[in-house]
Amino acid sequence: MEYEIPSKLKRLKESATLKAAEKARALRAKGVKVISLDVGEPDFPTPLPIIEEAYKALKEGYTHYGPSQGLPELRETLSDKVKSEKGIDVRPSSFIITPGSKQSIYYSLIALLEEGDEVLIPTPAWPSYMEMVKLVGGVPIEVKTNSSFLPSIDELEKYTTGRTKALIINYPNNPTGSVYDRGKLEELATFVKEKNLWVISDEIYEKLTYEGEFISFATLEGMDDRTITVNGFSKTYAMTGWRIGYAYGPEEVIKMMVKVQQHTATCVPAFVQKAAIAALTKCDDYVKEMVSEFKKRRDFIFEGFKKLGFKLEKPKGAFYLFPDVRGIYRDPPNFNDFLLDKAAVSVTPGAGFGVGYEPYVRVSYANSLENIREGLERIEKALSESSN
Ligand SMILES: Cc1ncc(COP(=O)(O)O)c(C=O)c1O
């Protein structure tokens with residue numbers, strides 16, 4: 001039978017990140033030692049208390065369907081944590097536990113958007129936002145940020161129409177590492193209030209903030225009843241493969257998201273949720289250590305790229321750099337191919353992170369200092385041998 005691709009899927013872009021990773025994998029399969037500076041996950045193992053809790057829960061029989069909204073004991077632990085860390089009261093009934101935070105973002109969009117609704121996305125941005133908005137019938141509106149990768153209200157205003165329904169923000173940011181300070185957040189709060197917009201605040205890199213204070217958007221005055229806060233375990237606790245994340249926000253919206261989960265994923269495996277409680281309650285020291293190691297790497301790789309002559313902002317969080325390749329290499333949009341071919345170093349092309357970012361690359365420092373050092377040496381050598 002002939003397969004007719006539905007139009008909403010025709011608009012979907014292939015993941016640039018996965019495509020670049022696939023090329024690197026093919027090279028590795030030929031026996032080449034590729035230095036991966038393209039990965040989006042911590043290179044640390046999942047902490048042992050989490051693994052032990054999962055094992056215990058499996059033995060205790062947490063192997064069946066659970067409530068779609070998530071185990072009450074995990075939602076209670078999250079509610080306590082949000083209260084003690086952020087000073088806001090979010091009831092356990094206002095949380096949903098999902099298979100990865102990615103799914104929380106997807107469900108939020110399903111819950112908020114009508115067909116044709118527009119969503120403002122400051123770019124550069126994680127590509128899945130744009131694609132998920134399209135998948136649910138919405139229209140992603142990319143809005144370029146300023147030279148420090150911070151959203152400008154004037155630009156946001158310019159792209160706001162009668163169909164604008166929501167704004168997606170993400171800080172510490174993937175791919176730039178920018179973190180919004182209180183002044184910027186207050187400007188955004190005033191803007192969304194004035195335009196009556198929903199906000200999806202993706203705070204998955206919250207704990208990976210190296211400079212300045214991390215301020216959660218929903219803690220700003222009047223923002224809790226229009227904000228869906230998305231967070232997770234993947235980055236903070238090196239749990240990318242466990243597929244668990246969560247969201248909280250106004251209860252009517254969360255209820256709709258639960259309904260969607262009932263009919264799709266059903267629930268996150270109960271033993272994974274039990275393990276997540278151990279992450280929240282037994283792993284603070286581990287997180288501290290991991291963050292301090294990432295900060296060391298950030299300083300090292302930032303200096304390394306600066307010395308090579310790249311124009312770049314010092315990231316304040318997450319584990320990525322987003323250097324501008326113009327002036328360094330003659331064909332910036334193909335710099336990632338050049339690095340893979342000539343230096344066996346894999347980075348992610350900037351094109352996937354929004355229109356206008358083709359001359360950039362995303363460089364991940366979720367790799368050992370030793371490998372980062374070798375990667376920098378290889379890049380230097382490849383550049384010096386090329387005609388640029
Ligand atoms: C900005 C951002 N949000 C969400 C996610 C999804 O994380 P997960 O679904 O593993 O919780 C990622 C993963 O790379 C990310 O970079």
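What you are looking at is a predicted structure, and each value in this text was computed from that prediction instead of being measured.

Undergrad: Help me out: how do you make sense of the overall build of the protein in this one?
TA: From N to C terminus, the protein includes 13 helices and 12 strands. The globule rule puts the C-alpha radius of gyration for 388 residues at 21 Å, and the 21 Å found for the protein is close to it. Taken along its principal axes, the extent of the C-alpha atoms in the protein is 60 × 55 × 55 Å. Here the protein, with 388 residues, has 55% of them falling under the buried criterion. A separation of at least 24 residues holds for 76% of the contacts in the protein among residues at least 6 apart in sequence. When the accessible surface of the protein is summed, it comes to about 17,400 Å², and 51% of that surface belongs to carbon and sulfur atoms. Positive and negative side-chain charges of the protein, numbering 52 and 55 respectively, have mean locations separated by a distance of 3 Å.

Undergrad: Mind showing me how you'd approach the sheet that holds strand β9 (residues 320-321) here?
TA: Think of a sheet as strands paired side by side through backbone hydrogen bonds, with each pair either parallel or antiparallel. Strand order in this open sheet of 3 strands is β9-β12-β11, and the pairing throughout is antiparallel. The sheet is open, and its two borders are formed by β9 and β11 (348-349), each paired with just one other strand. Inspection of the sheet shows β9 paired to strand β12 (residues 361-364) by 2 bridges, in the antiparallel sense. Paired with Tyr320 across the bridge in β12 is Ser364.

Undergrad: It is not clear to me how the domain arrangement of the protein should be interpreted in this structure. Could you clarify?
TA: Interfaces are frequently sized by the accessible area removed from exposure as the parts join. Segmentation of the protein into domains returns domain 1 (7-45 + 285-383) and domain 2 (48-282). In this assembly, 35 residues from domain 1 lie in contact with 34 residues from domain 2. In total, domain 1 and domain 2 occlude about 3,000 Å² of area from one another, counting both sides; carbon and sulfur atoms represent 60% of this. Summed over the three residues of domain 1 that lose the most area to domain 2, namely Lys316, Phe353 and Tyr357, the buried surface amounts to 20% of that side. Run the count over domain 1 and domain 2 and you get 16 residue pairs in polar contact (both at pLDDT 80 or more). Every element with two or more residues in the side of domain 1 that touches domain 2 is listed here: α1 (7-10), α11 (284-307) and β9.

Undergrad: Would you take a moment to explain the site of the ligand for this structure?
TA: Near the ligand lie 13 residues; those nearest to it are Ser101, Asp202, Ser234, Lys235 and Arg243. In this structure, Asn174 approaches the ligand through a side-chain N or O atom, which is 2.8 Å from an oxygen atom. Residue Ser234 places a side-chain N or O atom 2.6 Å away from an oxygen atom belonging to the ligand. If the ligand stood free it would expose 400 Å²; the protein chains cover 92% of that surface.

Conventions adopted
- Residues numbered from 1 in each chain as written.
- Predicted model: local features only at pLDDT ≥ 70, side-chain atom pairs only at ≥ 80, totals over all residues.
- Heavy atoms only, no water.
- Helix = DSSP H or I, 4+ residues; strand = E, 2+ residues; numbered from the N terminus.
- Rg over C-alpha atoms; globule rule 2.2 N^0.38 Å.
- Buried < 20%, exposed > 50% of the residue type's maximum accessible area, 1.4 Å probe, protein only.
- Contact = heavy atoms within 4.5 Å.
- Areas by Shrake-Rupley, 256 points an atom, 1.4 Å probe, with all protein chains shown as cover.
- Lys, Arg positive; Asp, Glu negative; His and termini not counted.
- Charge placed at Lys NZ, Arg CZ, Asp CG, Glu CD.
- Pairing = 2+ DSSP bridges.
- Domains from an automatic or database assignment.
- Buried area = accessible area lost by both parts, 1.4 Å probe.
- Polar contact = N/O pair within 3.5 Å; in protein donor to acceptor, adjacent residues only side chain to side chain.
- Near = heavy atom within 4 Å.

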